[in-house]
Amino acid sequence: MKNKTDLKGLSAEALKEQLTTEQASGQQLRFAHAISPLENPARLKANRKNVARLLTEQTRRNNEQASNPA
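Cut-off values and rules
- Residues numbered from 1 in each chain as written.
- Predicted model: local features only at pLDDT ≥ 70, side-chain atom pairs only at ≥ 80, totals over all residues.
- Heavy atoms only, no water.
- UniProt positions renumbered as here; feature names shortened; annotations may be inferred.
- Helix = DSSP H or I, 4+ residues; strand = E, 2+ residues; numbered from the N terminus.
- Rg over C-alpha atoms; globule rule 2.2 N^0.38 Å.
- Buried < 20%, exposed > 50% of the residue type's maximum accessible area, 1.4 Å probe, protein only.
- Contact = heavy atoms within 4.5 Å.
- Areas by Shrake-Rupley, 256 points an atom, 1.4 Å probe, with all protein chains shown as cover.
- Core = buried A, V, L, I, M, F, W, Y, C linked by side-chain atoms within 4.5 Å.
- Axes fitted to C-alpha atoms, helices over the stretch in contact; angles between N-to-C directions.
- Parallel < 35°, antiparallel > 145°, perpendicular 65-115°, else oblique.
- Left-handed = near helix turned anticlockwise from the far one by under 90°.
- Expected span 1.5 Å × (residues − 1).
- Salt bridge = Lys/Arg side-chain N within 4 Å of Asp/Glu carboxyl O.

- Named according to an unreviewed UniProt entry, the chain is Large ribosomal subunit protein uL29 originating from Hymenobacter glacialis.
- Looking at the Sequence similarities (unreviewed entry) heading of the UniProt record, one finds this comment for the chain: "Belongs to the universal ribosomal protein uL29 family."

## Some remarks on the overall build of the chain
And then number 1: Counting secondary structure elements, the chain contains three helices and zero strands.
And then number 2: Along its sequence from the N terminus, the chain presents helices and strands in the succession α-α-α.
And then number 3: Rg of the C-alpha trace for the chain: 15 Å, well past the compact-globule value of 11 Å for 70 residues, more than 25% over.
And then number 4: Evaluated residue by residue, the chain yields a buried proportion of 21% over its 70 residues.
And then number 5: For the chain, the share of sequence-separated contacts (at least 6 apart) that also reach a separation of at least 24 residues comes to 65%.
And then number 6: Accessible surface computed for the chain: about 5400 Å², of which carbon and sulfur atoms make up 50%.

## A word on the nonpolar core
And then number 1: Formed by L7, L10, L15, L19, V51 and L54, the largest nonpolar core amounts to six residues.
And then number 2: Of all the elements in the fold, those that place two or more residues in this core are helix 2 (12-35) and helix 3 (42-67).

## Observations regarding the environment of H33
And then number 1: Positionally, H33 belongs in helix 2.
And then number 2: Separated by 11 residues in the primary sequence, H33 and L44 place their C-alpha atoms 8.9 Å from one another.
And then number 3: Beyond its immediate chain neighbours, meaning those up to four positions away, H33 contacts L38, P41 and L44.

## Points about the packing of helix 2 against helix 3
And then number 1: Interaxial distance between helix 2 and helix 3 falls to 9 Å at its minimum, and their mutual angle equals 155 degrees. In terms of axis orientation, helix 2 runs roughly antiparallel to helix 3. The handedness of the crossing between helix 2 and helix 3 comes out as left-handed. Between helix 2 and helix 3, the contacting residues are A12, L15, K16, Q18, L19, E22, Q23, S25, G26, L29, R30 and H33 on the first element and R43, L44, N47, N50, V51, L54, L55, E57, Q58 and R61 on the second.

## Observations concerning helix 3
And then number 1: When the terminal C-alpha atoms of helix 3 are compared, their 38 Å separation across 26 residues agrees well with the 38 Å that a helix rising 1.5 Å per residue should span.
And then number 2: Along helix 3, the residues that are buried comprise L44, N47, N50, V51, L54, E57 and R61.

## Remarks on the pattern of salt bridges
And then number 1: With the rule as written, the count across this model stands at three salt bridges.
And then number 2: Salt-bridge contacts for R61 lead to E57; the nearest nitrogen and oxygen are separated by 3.1 Å. Within this pair, R61 and its partner E57 are both found in helix 3, separated by four residues, close to a single helical turn. As far as the burial class goes, R61 and E57 line up, both buried.
And then number 3: Ionic pairing is found between E64 and R60, a salt bridge with its closest N-O pair at 2.8 Å. One end of the pair, E64, and the other, R60, are both in helix 3, four residues apart, so they sit about a helical turn from each other.

Pasting the structure below:
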């Protein structure tokens, strides 16, 4: 996952693409974990946090755009 500063440098489309990729990855991890335990179950937690970071950045941008109409 990228650092916080790297997320701010992403374009809106790249951010959305990264979010979609992380969500799909998380779903695959959860399915794999349901079938047989993952070797490193901490990856589930890390994936959730990455998705949350991406959503937070997306929300921050939307709020910024709404408060500063140009």
